[in-house]
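Report on the structure
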Amino acid sequence: MAERIEQRLEDRVPELEQLERVGLFTHKEVRAVLRKASALEYKIQRRALRKEDFISYIQYEINLLELIKKRRARIGYSFKKDEIENSILHRVHGLFNRATGKWKDDVQLWLSHVEFCKKWNAKHQLSKVFSTMLAIHPNKPALWIMAAKWEMETQLSSESARHLFLRALRFHPECPKLYQEYFRMELMHAEKQRKEKKAFEQAKMDLGEFSYSEEILNGEMARIIYRDAAQKIKGVEFHLAVLSIAKLFDFTQDLQKEIIESLQTKYADDPFTWDYMARRELELGSLQSTGHTTKQMKISEMMQREERSCAVFEEAVGAVPTEDMWKCYITFCLERYKRKTNSEELKQKRLERTLNVFNKAHESSLLPEPLYKQWLQLLLESSLFEKATEVAEAATKRFSLSVETWQMRLQMLIQLKNDDVPQCFEEAIKHVKTEGTLPLWILWVEWSEGTKSKEDTEALYQRSLHATTPAGSVTMKEKYLDWTYRNRGYKKVRRVFTSLCENRPFSLDFFRKMIQIEKEQESCKMLHLREYYERALREFGSTDSDLWLDYIKEELSHPQGKPENCGSIHWRAMKMLQGDLVEDFVSKHTLLQTGHL
């Protein structure tokens, strides 16, 4: 091993000598590089190899390359790259090859090598990396796509890219993404050939026997790929994805038409098909508009386009009366409404249309629950408070078990300072299952704190403790304690704390809150602190080492504390704490004794 390391270090000497000779590095820096390289070499020549050591070595060499690049730029020296950079690049490729050979399954390692090759323009090496990587990871479509894109865009080889896509599809015959990217590649190839042909024609060059295939120029290869894929891949999403790719090329009108016809034939009942057809009306309008137009004409044209889209949506909700279809329609209306415009007429028209569609969906009992919130927001923004109140009530009737819907209605009533708030809370609690009522109780007591008397709020807190689940009551106890201290003072909070301690469960924060309240008093009593700590330790003494430490600190620092109690507390902690917590407690206690905690 020592001989191998020695040989590898000797191999570096020529490049280091050149670095020093041309003034890129000083003698001191060269020696430092040699020392570091020696340490890194030892790590990767051991029997028990670690991936991290290879990554560190590779990163060091990359940093060295970057530094040389900066130094070259600074002194304006661009010679001797074969002797310096190429030697380092060769070494980095070797390190990557060893690492990926050892840890073949680590895709990120392969991708790091790919990125390195791209950055340092190592095309020949990258071709090898892709070939080996795909042989080991043929099950990852994204890697095939990456390799094919590189062949197409960097190597300018559509033939190699096509070959890779065809190989990939043998492994993944039903992968939508592979077909989409293969489809895109063939259209890019066709576009490139069209540009070449046009350039030759403009230059009036004689192409001799060479001729361009009209089929390829018109995207016929892409059409074949689409038809093949359409037989294997089901679902409207794939057709729409391919269509969006085809629309990027200005020679695919016939292909687009075929995809749209296929969509309408195969997926006539799919909301996304209708959604696409409706939105297409907006684009068709913009393509047809030419010549000089005034501002008013543009607004008028936009209104007509949106009306045409809505006409398709109206047909859609008649043909496919589902929640998803109405959601598409409403989403479209909301998008148009949110678009900025200086025309008040257009804005008002969009608002009226959106509110009307919301209403129709609601009357059909096909408005999805989450969209009621957006409807209410729109009504409130438009100051239609009475209608908003009606809609919120209708929503809670339709979704009477939904906490979110009741919350939405209550928050709106609170915002409008409506007199029906208490009655609505009572209704909500009656309909929603106990397990889900905690958010409603929190909202109720917070509303009561700002509007009702202290007596009413306290009664509500006490009621909530019995009406929520045990886990929910834990949260309400914390809130009740906090509210009592803020509104009723220290003596009252002491009584409430003692009362609440009679019924489990508790949270640690409940006890810590009471400890904090005691410490805020001018006459903070250690007797009371001991009581709170002891109560807390009964519940959490086996699972929280910090609680024991805080208790010990209190005995040591409080004027009325008894340091002699610390030994007993420490002994009890050792008995009660579970597992690794004992070790954690001992190490922290040692730090406390030495004054480091």
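Residues numbered from 1 in each chain as written. Predicted model: local features only at pLDDT ≥ 70, side-chain atom pairs only at ≥ 80, totals over all residues. Heavy atoms only, no water.

The chain appears in an unreviewed UniProt entry as UTP6 protein from Halcyon senegalensis. Recorded in UniProt for the chain, the comment headed Sequence similarities (unreviewed entry) runs: "Belongs to the UTP6 family." Check the Subcellular location (unreviewed entry) section of the UniProt entry for the chain; it says "Nucleus, Nucleolus". (UniProt positions renumbered as here; feature names shortened; annotations may be inferred.)

Between its terminal C-alpha atoms helix α22 (residues 438-451) stretches 20 Å, which fits the 20 Å expected from 14 residues at 1.5 Å a residue. Within α22, burial applies to Leu440, Trp441, Leu443, Trp444, Val445, Trp447 and Ser448. Where the residues of α22 are buried, they touch α20 (403-415), α21 (421-431), α23 (454-467) and α24 (470-488). (Helix = DSSP H or I, 4+ residues; strand = E, 2+ residues; numbered from the N terminus. Expected span 1.5 Å × (residues − 1). Buried < 20%, exposed > 50% of the residue type's maximum accessible area, 1.4 Å probe, protein only. Contact = heavy atoms within 4.5 Å.)

For helix α27 (residues 526-540), spanning 15 residues, the distance from its first C-alpha to its last is 20 Å, which sits close to the expected 21 Å at 1.5 Å a residue. Residues of α27 that are buried sit in contact with α25 (490-500), α26 (508-519), α28 (545-557) and α29 (566-576).

Further remarks concern the environment of Met574. By the element assignment, Met574 lies in helix α29. Taking the relative accessible area as the measure of exposure, Met574 reaches 33% and is therefore partly exposed. Look past the residues within four positions of Met574 in its chain and what remains in contact with it is Val582, Phe585 and Val586.

All right, on to the UniProt feature "domain: U3 small nucleolar RNA-associated protein 6 N-terminal" (unreviewed entry) in the chain then. According to UniProt, the "domain: U3 small nucleolar RNA-associated protein 6 N-terminal" (unreviewed entry) feature falls on residues 9-91. End C-alpha atoms of residues 9-91 are separated by 11 Å, and the span's content is 76% helix alongside 0% strand.

Quick look at the packing of aromatic side chains now. For the structure on display, the rule yields 27 aromatic pairs. Between Tyr372 and Phe399, the ring centres sit 5.9 Å apart and the planes meet at 75°, which makes this aromatic pair edge-to-face. Taken together, the positions of Tyr372 in helix α18 (residues 369-381) and Phe399 in the loop between α19 (385-398) and α20 put the pair 27 residues apart, joining distant regions of the chain. You can call Phe399 buried: its relative accessible area is 17%. Considering the side-chain rings of Tyr461 and Tyr480, the 5.3 Å spacing of their centres and the 10° angle between planes classify their relative orientation as stacked. With a gap of 19 residues between them, Tyr461 in helix α23 and Tyr480 in helix α24 connect regions that are remote in the sequence. Residue classification places Tyr480 among the buried positions, given a relative accessible area of 3%. An aromatic cluster is present here, built from Phe497, Phe506, Phe510, Phe511, Tyr532 and Phe540 joined pairwise through their rings. The ring of Trp120 carries the charged tip of Lys69 above its face, separated from the ring centre by 5.7 Å. (Phe/Tyr/Trp six-rings, centres within 6.5 Å; stacked < 30°, edge-to-face > 60°. Lys NZ or Arg CZ within 6 Å of the ring centre and 35° of its normal.)

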